Amino acid sequence: MNHRQIPTENIKRVVVKVGSNVLTARSGLNLTALRGIARQICGLMDRSLEVILVSSGAMASGLKKIGLDRRPDELPQRQAVAAVGQAGLIMEYEKAFERYGRKAAQILLTSEDLTSRKRYLNARNTLNTLLEWKIVPIINENDTVSVEEIKLGDNDNLAAMIALLMDAGLLVVLSDIDGLFTKDPRTHTDAALIPVVTVISKSTETAAGSIPGPLGTGGMMSKINAARKVTSAGVPMVVAKGDKPDILTRLLDGEAHGTYFVPRREKLTRRKCWIAFSLKPKGSLAIDAGAAAALTSRGKSLLASGIIGVRGDFSVGTPVELQTPAGDTIGIGLANYSAADIRRIMGLKSQHIQQVLGHKPYDEVIHCDNLVITSIDSETEK
């Protein structure tokens, strides 16, 4: 398959994320853009595609309604602005979809809804029901109640998590920029579009830089982070310019636009997606080069003998990051032992765990079924 060609014939479900700068104008919401997106989504649904919409714009809409020229600094004020804006945003979406005989549903989430396994599955079931009923789910972060501990970060991250939650065949991120460039195209006339990214490397991150718009919380770097999540789980992603005429329709027709992030061949299971991308690590384990090779190349479990350091204070069943001797994070897993116990047994053979701890519930510190490799320094995966 040509890396630039999205395998559209195999895609049944699409997550579309629309950024704040696509949806806002000087007078408030950019209704032309919003209605155009709704029209295209309805067209895709007429082709038997299932579409989930992750939409920014509540903060921007609220700022315009209230008459503020920038995001307030204080959290309660930002949450109040989002509450004002969300009402207007969903109302305009409802009217836009009604024009084409479609209904929309509002879903507001925090990270707690995705880190709790029970709530994660409940969210999945609700979204599946809406899709079965041919209703368009419109998802946003619940800014009104979010505090730092439960924030999802930005809607690029939220869209990636929804794509994984719902087994999407494609994530489309619509931005005010054509895609990933070698430099910021708004300040460098010699910036060139990067049409395909097969491996997200340090040079990819350098190209992304940090170029957030005046209304959104994300920038190109947040899109790179979203791409890293979905592509490592086997889901392709495209970043394209949201105001380009019929951009969604053209992408799903197989046209090349924006930047295409090529997915890893093997797809992660739903549970491993949840472990890797919904849970927040509470600590980390430093592993030696031999353990890193066994995990990344041979799909092995992590044994105590391969651990050379422990960071954090965590209990059994806690998600922890795995780091190489160079300090690179290569994965995440659920620990079978507490941090205190791992400090006592690290570097030991499994048969010595009983002698040191007085018990040995597991041979593995992290079993391969509860371990996900999220970063591999190899282009063979692409």
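Please read these numbers as outputs of a predicted model, since none were measured by experiment.

(A) Spotlight on the overall build of the protein. For the protein, the count of helices and strands is 14 helices and 17 strands. By the compact-globule yardstick of 21 Å for 382 residues, the protein fits well, its C-alpha radius of gyration being 22 Å. Dimensions of the protein along its principal axes, counting C-alpha atoms only, are 70 × 45 × 45 Å. Looking at the protein as a whole, 53% of its 382 residues are labelled buried. Of all intrachain contacts in the protein linking residues separated by at least 6 positions in sequence, the fraction that spans at least 24 positions is 73%. When the accessible surface of the protein is summed, it comes to about 17000 Å², and 49% of that surface belongs to carbon and sulfur atoms. Of the side chains in the protein, 48 bear a positive and 40 a negative charge, and the two mean positions are spaced by 2 Å.

(B) Broad picture of the packing of helix 3 (residues 58-66) against helix 4 (residues 75-98). It is at 6 Å that the axes of helix 3 and helix 4 come closest, and there the two elements cross at 95°. What the angle tells us is that helix 3 and helix 4 run roughly perpendicular. Here Ala 58, Met 59, Ser 61, Gly 62, Leu 63, Lys 65 and Ile 66 of helix 3 come into contact with helix 4, specifically with Arg 78, Val 81, Ala 82, Val 84, Gly 85, Gln 86, Gly 88 and Leu 89. Here the contact of helix 3 with helix 4 is composed, by residue class, of eight nonpolar, five polar and two charged.

(C) Region of the structure containing the sheet that holds strand 1 (residues 13-18). Here we have eight strands laid out as an open sheet, ordered 5-6-4-1-7-9-10-8, and mixed in their pairing. Strands with a single pairing partner mark the edges of an open sheet, and in this sheet they are strand 5 (104-109) and strand 8 (196-197). Against the sheet, helix 6 (residues 117-132) touches strand 1, strand 4 (50-55), strand 5 and strand 6 (136-141), its axis set at about 145° to strand 6.

(D) Seen up close, the packing of aromatic side chains. All told, the structure shown has two aromatic pairs when counted by the stated rule. A centroid spacing of 6.2 Å and a plane angle of 25° characterise the contact between Tyr 93 and Phe 97, whose relative ring orientation is stacked. Of this pair, Tyr 93 and Phe 97 both sit in helix 4, four residues apart, which is roughly one turn of that helix. The exposure class assigned to Tyr 93 is buried, which follows from its relative accessible area of 0%.

(E) Seen up close, helix 4. Between its terminal C-alpha atoms helix 4 stretches 34 Å, which fits the 34 Å expected from 24 residues at 1.5 Å a residue. Looking at helix 4, one finds that the buried residues are Gln 79, Val 81, Ala 82, Gly 85, Gln 86, Gly 88, Leu 89, Ile 90, Glu 92, Tyr 93, Ala 96 and Phe 97.

(F) Broad picture of the pattern of salt bridges. Under the definition given, this model contains 13 salt bridges. For Arg 13, the salt bridge goes to Glu 50, with nearest N and O atoms at 2.8 Å. Of the two residues, Arg 13 is situated in strand 1 and Glu 50 in strand 4; the sequence distance between them amounts to 37 residues. Its salt-bridge partner being Glu 92, residue Lys 95 comes within 3.4 Å of it at the nearest N-O pair. In this pair, Lys 95 and Glu 92 both sit in helix 4, three residues apart, roughly one turn of the helix. Given a relative accessible area of 13%, Glu 92 falls into the buried group.

(G) Structural view of the sheet that holds strand 13 (residues 307-311). Read across the open sheet, the five strands follow the order 13-11-14-15-17; overall the sheet is mixed. Two strands close off the open sheet at either side, each with one partner strand: strand 13 and strand 17 (371-373). In this sheet, adjacent strand axes meet at a mean angle of 25° when their direction is disregarded. With three bridges joining them, strand 11 (residues 284-287) and strand 14 (residues 319-323) adopt parallel strand pairing. Bridged to Ser 284 within strand 14 is Glu 321. Seen against the sheet, helix 11 (residues 270-277) touches strand 15 (329-334) and strand 17 and runs at an angle of roughly 115° to strand 15. Across the sheet, helix 12 (residues 289-298) is in contact with strand 11, strand 14, strand 15 and strand 17; its angle to strand 11 comes to roughly 105°.

(H) Inspection of the state of the cysteines at higher detail. Evaluation of the coordinates by the stated rule reveals zero disulfides. Sulfur of Cys 273: no disulfide; nearest cysteine sulfur belongs to Cys 368 and is 16 Å away. Accessibility expressed as a relative area gives 24% for Cys 368, which makes it partly exposed.

Thresholds, definitions, all that
Residues numbered from 1 in each chain as written. Predicted model: local features only at pLDDT ≥ 70, side-chain atom pairs only at ≥ 80, totals over all residues. Heavy atoms only, no water. Helix = DSSP H or I, 4+ residues; strand = E, 2+ residues; numbered from the N terminus. Rg over C-alpha atoms; globule rule 2.2 N^0.38 Å. Buried < 20%, exposed > 50% of the residue type's maximum accessible area, 1.4 Å probe, protein only. Contact = heavy atoms within 4.5 Å. Areas by Shrake-Rupley, 256 points an atom, 1.4 Å probe, with all protein chains shown as cover. Lys, Arg positive; Asp, Glu negative; His and termini not counted. Charge placed at Lys NZ, Arg CZ, Asp CG, Glu CD. Axes fitted to C-alpha atoms, helices over the stretch in contact; angles between N-to-C directions. Parallel < 35°, antiparallel > 145°, perpendicular 65-115°, else oblique. Nonpolar A, V, L, I, M, F, W, Y, C, P; charged D, E, K, R; others polar. Pairing = 2+ DSSP bridges. Phe/Tyr/Trp six-rings, centres within 6.5 Å; stacked < 30°, edge-to-face > 60°. Expected span 1.5 Å × (residues − 1). Salt bridge = Lys/Arg side-chain N within 4 Å of Asp/Glu carboxyl O. Disulfide = S-S within 2.5 Å.

On their own, these measurements won't tell you what the molecule is for.
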